[in-house]
Amino acid sequence: MITYSTENVKMPAIRRRDTSAWIRRVAQSYGKRVGEVGYLFCDDEHILQVNREYLQHDYYTDIITFDYCEGDVLNGDLVISLDTVRSNAELFHKPYDEELHRVIIHGILHLCGQNDKGPGERELMEQAENKALAMR
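Residues numbered from 1 in each chain as written. Predicted model: local features only at pLDDT ≥ 70, side-chain atom pairs only at ≥ 80, totals over all residues. Heavy atoms only, no water.

(A) Region of the structure containing the state of the cysteines. Scanning the entire structure with this criterion turns up 0 disulfides. Between C69, a free cysteine, and C112, which holds the nearest cysteine sulfur, the sulfur-to-sulfur gap is 7.5 Å. Here C69 falls in the partly exposed class, since its relative accessible area comes to 25%. (Disulfide = S-S within 2.5 Å. Buried < 20%, exposed > 50% of the residue type's maximum accessible area, 1.4 Å probe, protein only.)

Structure below.
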C-alpha cells in the first residue's frame, strides 16, 4: 500500500492512483514489489527538523528516505519538502511537476538499492531517475 499525507503544506496536485501504479512499475523493473510505502509532503522547516532529529544533519534537503525493506518487498517512509522541490525546479530550470516526480521516484530508487553518495553514484542515480520518469 502506498499512502500520501502532508505536514504544514497542501497536498500536491498529483494523481495518486496513477503515481502509485507508476511507482509499482518502477519497483517491478528492479525485481521488487511494493509493501508499505508512506509519503509525507512537508515544508522546509519540517524536513529540517526530521533531518536534525533522525540523521543529525543540520540542513534542508528535498527528500529523506527511511528504508524498512524486507527482501524484495519495498517498505519505507519518504519525507519530501515541497519548498525545496520548488526551489530546485527553479534552480535547474525544470517544471515543478517534473521535479516533484523526480523526487518521488528518487526515494523509491533508494529503496530499490540505488545510492547517490559515492563516486559516480550520483550520475547513475540520475540515469535511473530519467529512465523511471520515462515510464510515467
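The rest of the description comes next.
(B) Up close: helix α1 (residues 16-29). Under the 1.5 Å per step criterion, the end-to-end length of α1 is 20 Å for 14 residues, consistent within 8% with the ideal 20 Å. For α1, the set of buried residues is T19, S20, W22, I23, V26 and A27. Taken down its axis, α1 places every buried residue within 160 degrees of arc, on the same side. For α1, exposure combined with an orientation more than 90 degrees from the buried face picks out R17 and Q28. (Helix = DSSP H or I, 4+ residues; strand = E, 2+ residues; numbered from the N terminus. Expected span 1.5 Å × (residues − 1). Arc of directions from axis to C-beta.)

(C) Region of the structure containing unusual backbone geometry. In this structure, N8 takes a positive phi of about 70 degrees despite not being glycine. Its location among the elements puts N8 in the loop between β1 (2-7) and α1. Classification of N8 by relative accessible area gives exposed; the value is 56%. One non-glycine residue, Q56, adopts positive backbone phi at about 55 degrees.

(D) Examining the pairing of strand β3 (residues 63-67) more closely. Inspection of the sheet shows β3 paired to strand β4 (residues 73-81) by 5 bridges, in the antiparallel sense. Its bridge partner being in β4, I63 is matched across the sheet by I80. (Pairing = 2+ DSSP bridges.)

(E) Seen up close, the pattern of salt bridges. Enumeration over the complete set of coordinates arrives at 8 salt bridges. E98 is the partner of R102 in a salt bridge, and the nearest nitrogen-oxygen pair spans 4.0 Å. Taken together, the positions of R102 and E98, both in helix α4 (residues 96-111) and 4 residues apart, correspond to about one turn of that helix. For R102, a relative accessible area of 14% puts it in the buried group. What makes E98 partly exposed here is its relative accessible area of 27%. Through salt bridges with shared partners, a single ionic network connects E98, R102, D116, R122 and E129. (Salt bridge = Lys/Arg side-chain N within 4 Å of Asp/Glu carboxyl O.)

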